[in-house]
Amino acid sequence: MIRPMRPVIVAGNWKMHTTPADAGELARTIAARTRVDGVVRVLCPPYVCLAAVRDAVADTDVAVGAQDVHHEATGAFTGAISAPMLAGLATWTIVGHSERRRDACETDELIGRKVVAARGAGLRTILCVGEQLADREAGRARAVVDRQLWGCLTAVDPAALNGDDPLGFSIAYEPIWAIGTGRNARGADAAEMVAAIRTTLAAIGLADGGDGVPVLYGGSVASSNINEFMAEPSIDGALVGGASLKPDEMAAIVARAGLTAAARAAAAT
Ligand code: PGA
């Protein structure tokens, strides 16, 4: 059987940047400058900017994503946004970002419930995992990521994750020490972890042994280092933070991702 090639994805996580007044213009500029065949583009602005970004990219194939969802659909959860509320605003969401694990004390178990809520509402879901510097230095990086994956996904029906939609469920491997620090992982180290992630996904019981699940790298991705990651066959794109607010950077990152997408398409024919 010929295995369908995995998609190449570049997702921008705008974090707590932009306002409804300026997000549309930034999204429009990025959309226009990143038109590259074969690369799935996703922009994840703050909730209050989702409508502006949705309208700005309406005539393009850029998708809009949220940065988080609540694990319940409705209820007395002051300040929270649920997955069903995003209907018409976003088709993707990030969950389990390390900044939410840190600032909102999100546990693996809770993040697993968010995955279920997001997939249940039909949102394409990017689950973030990654180790602290101390874990890497102590040789525990793989064990930590393994524990996160099992903790998040054990209670999730694997069929609900990547079912029929090749983009339904992805992982972003984001070593915490690389996020926002300008100190990216080495491509080879990231690729080694991505291979380990797929081994774990297979053990958890994902269809196709997890082989179809896109795994992205995140952590100080920039035009200057994207090549290192996109040159690794196991890495399917990037979750970009700081650089995703800069159209020049995004143009270069998506252009490099496009080379990988084209090479995969050529290899598949
Ligand atoms: P960074 O953030 O690219 O600014 O390091 C990545 C992320 O947190 O998703």
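Structure: see above.
Residues numbered from 1 in each chain as written. Predicted model: local features only at pLDDT ≥ 70, side-chain atom pairs only at ≥ 80, totals over all residues. Heavy atoms only, no water.

## Comments concerning the packing of aromatic side chains
Next, step 1: Taken as a whole and judged by the stated rule, the model has 2 aromatic pairs.
Next, step 2: Centroid distance Tyr217 to Phe229: 4.0 Å. Interplanar angle 10°. Geometry classified as stacked. Of this pair, Tyr217 sits in strand S7 (residues 215-218) while Phe229 sits in helix H9 (residues 226-230), and the two are 12 residues apart along the sequence. Exposure class is identical for Tyr217 and Phe229. Each is buried.
Next, step 3: Through successive ring pairs, a cluster of aromatic residues spans Tyr173, Tyr217 and Phe229. (Phe/Tyr/Trp six-rings, centres within 6.5 Å; stacked < 30°, edge-to-face > 60°. Helix = DSSP H or I, 4+ residues; strand = E, 2+ residues; numbered from the N terminus. Buried < 20%, exposed > 50% of the residue type's maximum accessible area, 1.4 Å probe, protein only.)

## Considering the pairing of strand S3 (residues 63-66)
Next, step 1: Residues Ala63 and Gly65 of S3 are buried on one face, and the alternating residues Val64 and Ala66, pointing to the opposite face, are buried as well.
Next, step 2: Two strands pair when backbone bridges link them, and strand S2 (residues 39-44) and S3 are joined in this way by 2 bridges, in the parallel orientation. Looking across to S3, one finds that Leu43 is bridged to Val64.
Next, step 3: Inspection of the sheet shows S3 paired to strand S4 (residues 92-95) by 2 bridges, in the parallel sense. (Pairing = 2+ DSSP bridges.)

## Regarding the nonpolar core
Buried together is how nonpolar side chains tend to be arranged in soluble globular proteins.
Next, step 1: In terms of nonpolar packing, the biggest core is built from 66 residues, with Leu127, Leu149, Leu153, Phe169, Ile171, Ile197 and Tyr217 touching the most fellow members.
Next, step 2: In this structure, Leu149 is in contact with Leu127, Val129, Thr154, Ile171, Ile197, Thr200, Leu201 and Ile204, ignoring residues within four places of it in sequence.
Next, step 3: By size, the runner-up hydrophobic cluster in this structure holds 13 residues, among which are Val42, Cys44, Cys128 and Ala172. (Core = buried A, V, L, I, M, F, W, Y, C linked by side-chain atoms within 4.5 Å. Contact = heavy atoms within 4.5 Å.)

## Thoughts on the pattern of salt bridges
Next, step 1: If you walk through the whole model with that rule in mind, you get 20 salt bridges.
Next, step 2: In this structure, the salt-bridge partner of Glu99 is Lys15, at a minimum N-O distance of 2.9 Å. Of the two residues, Glu99 sits in helix H3 (residues 98-103) while Lys15 sits in the loop between strand S1 (8-13) and helix H1 (23-33), which places them 84 residues apart along the sequence.
Next, step 3: Residue Glu99 is classed as partly exposed on the basis of its relative accessible area of 22%.
Next, step 4: What emerges from the salt-bridge pattern is a single network uniting Arg6, Arg198, Asp236 and Arg264. (Salt bridge = Lys/Arg side-chain N within 4 Å of Asp/Glu carboxyl O.)

## Notes on empty space enclosed by the protein
Next, step 1: In total, this model carries 1 cavity of 30 Å³ or more according to the counting rule given.
Next, step 2: In this model, the largest cavity occupies a volume close to 30 Å³.
Next, step 3: Taken together, Val10, Ile30, Ala31, Thr34, Arg41, Val42, Leu43, Val62 and Met250 make up the full set of residues lining the largest cavity.
Next, step 4: Elements represented by at least two residues in the lining of the largest cavity include exactly H1 and S2.
Next, step 5: Considering each element in turn, the lining of the largest cavity owes the most residues, 3 residues, to S2.
Next, step 6: Here the residues of the lining of the largest cavity are counted per class, giving 7 nonpolar, 1 polar and 1 charged. (1 Å grid on protein atoms, 1.4 Å probe; cavity = no way out; pocket = protein on both sides within 12 Å on 5 of 7 lines; lining within 4 Å. Points joined across faces, edges and corners; volume = space filled by probe spheres on them. Nonpolar A, V, L, I, M, F, W, Y, C, P; charged D, E, K, R; others polar.)

## Notes on the packing of H1 against helix H10 (residues 247-268)
Next, step 1: Two elements in contact, H1 and H10, have axes whose closest approach is 9 Å; the angle formed by their N-to-C orientations is 30°. It follows from the interaxial angle that H1 and H10 lie roughly parallel. Crossing angle aside, the handedness with which H1 passes H10 is right-handed. On H10, the residues touching Leu26, Thr29, Ile30 and Arg33 of H1 are Pro247, Asp248, Met250 and Ala251.
Next, step 2: In terms of residue class, the contact of H1 with H10 is made up of 5 nonpolar, 1 polar and 2 charged. (Axes fitted to C-alpha atoms, helices over the stretch in contact; angles between N-to-C directions. Parallel < 35°, antiparallel > 145°, perpendicular 65-115°, else oblique. Left-handed = near helix turned anticlockwise from the far one by under 90°.)

## Things to note about the site of the ligand
Next, step 1: Close to the ligand lie 14 residues, the nearest being Lys15, His97, Glu174, Gly180 and Ser220.
Next, step 2: For the ligand, an oxygen atom lies 2.8 Å from a polar atom in the backbone of Gly242.
Next, step 3: Each residue belonging to the shell around the ligand can be placed in one class, and the counts come to 5 nonpolar, 7 polar and 2 charged. (Near = heavy atom within 4 Å. Polar contact = N/O pair within 3.5 Å; in protein donor to acceptor, adjacent residues only side chain to side chain.)

## Points about the packing of helix H6 (residues 141-153) against helix H8 (residues 187-204)
Next, step 1: Between H6 and H8, the least distance of the axes is 10 Å, while the angle of their chain directions is 35°. Like other packed secondary-structure pairs, H6 and H8 cross with a definite hand, here right-handed. Across from Ala141, Arg142, Val145, Asp146, Leu149, Trp150 and Leu153 in H6, the residues of H8 making contact are Met193, Ala196, Ile197, Thr199, Thr200, Leu201, Ala203 and Ile204.
Next, step 2: Grouping the amino acids of the contact of H6 with H8 by side-chain chemistry returns 11 nonpolar, 2 polar and 2 charged.

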